[in-house]
Amino acid sequence: MRIKFLIHDLDYEELTDYRKLYKYLKKRLIDGKMTYIFLDEVQNVTDFPKVLDSLYIKKT
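For every chain, the first residue of the written sequence is number 1, and numbering continues from 1 along that sequence. With pLDDT at 70 or above as the cut-off, local features in this predicted model cover only qualifying residues; side-chain atom pairs require 80 or more to be listed or tallied, and sums for whole chains, interfaces and linings still use all residues. Derived side-chain values reflect all non-hydrogen atoms in the structure, with water molecules and hydrogen atoms excluded from consideration.

Participant: Tell me about the overall build of the chain, and please be specific about residues and values.
Facilitator: The helix and strand inventory of the chain stands at two helices and two strands. From first element to last, N terminus to C terminus, the chain shows the α and β order β-α-β-α. A compact globule built from 60 residues should have a C-alpha radius of gyration of about 10 Å, and the chain, at 11 Å, falls within 12% of that. Considered along the principal axes of its C-alpha atoms, the chain spans approximately 30 × 20 × 15 Å. Across the 60 residues that make up the chain, the buried fraction comes to 25%. The contacts in the chain between residues at least 6 apart in sequence include a share of 70% that link residues at least 24 apart. Note that accessible areas follow from Shrake-Rupley with a 1.4 Å probe, and for residues the cover is restricted to the protein chains shown. For the chain, the accessible area works out to roughly 4,800 Å², and carbon and sulfur atoms hold 51% of it. Charge centroids of the chain, computed over 12 positive and 10 negative side chains, lie 9 Å from each other. A run of DSSP states H or I qualifies as a helix once it reaches four residues; a run of E qualifies as a strand once it reaches two. Both are numbered from the N-terminal end. Computation of the radius of gyration draws on C-alpha atoms alone. For the globule rule, the value is 2.2 Å times the number of residues to the power 0.38. Note on classification: 1.4 Å probe, protein chains only; a residue is buried when its accessible area is under 20% of the maximum for its type, exposed when over 50%, partly exposed between these limits. Here, two residues are considered to be in contact whenever any of their heavy atoms come within 4.5 Å of each other. Charge assignment in this entry is limited to Lys and Arg as positive and Asp and Glu as negative, and neither His nor the chain termini are counted. Where a charge sits is defined by one atom per residue type, namely NZ (Lys), CZ (Arg), CG (Asp) or CD (Glu).

Participant: A description of the nonpolar core should follow, citing residues and the corresponding values.
Facilitator: Among the buried residues, those of types Ala, Val, Leu, Ile, Met, Phe, Trp, Tyr and Cys that are joined through side-chain atoms within 4.5 Å form a nonpolar core. If you look at the biggest cluster of nonpolar residues, it comprises 13 residues, and the most contacted ones within it are Phe5, Leu21, Tyr24, Leu25, Val45 and Val51. Listing elements by their share of this core, those giving two or more residues are strand E1 (2-6), helix H1 (18-28) and helix H2 (48-56). If one sorts the elements of this core by residue count, H1 sits on top with five residues. Those residues in contact with Phe5, other than ones at most four positions away along the chain, are Tyr12, Leu15, Leu21, Tyr24, Leu25, Phe38, Leu39 and Asp40.

Participant: Lay out a nonpolar patch on the surface with the relevant residues and their values.
Facilitator: On the surface, Met34, Tyr36 and Phe38 cluster together to form a nonpolar patch covering roughly 360 Å² of accessible area. Among the structural elements, Met34 can be located in the loop between H1 and strand E2 (36-40). Judged by its relative accessible area of 57%, Met34 is exposed. Any residue with relative accessible area above 30% and no salt bridge may belong to a patch, with like charges joined within 9 Å and the nonpolar Val, Leu, Ile, Met, Phe, Trp and Tyr side chains within 5 Å. The working definition used for a salt bridge is a side-chain nitrogen of Lys or Arg within 4 Å of a carboxyl oxygen of Asp or Glu.

Laid out in structure tokens, this is it:
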């Protein structure tokens, strides 16, 4: 599984909020499958490390 989008695309602009980005990514995770997440411009996401930390501790 692969998740890819460009944060500077206006369709995804709201995902610069770390809570919204986390919910968006979490909804797309599939139990038992490796998921690769490709993000561009992560420096524009407020508190991006919180997203990584929270996704890391998930058991998917």
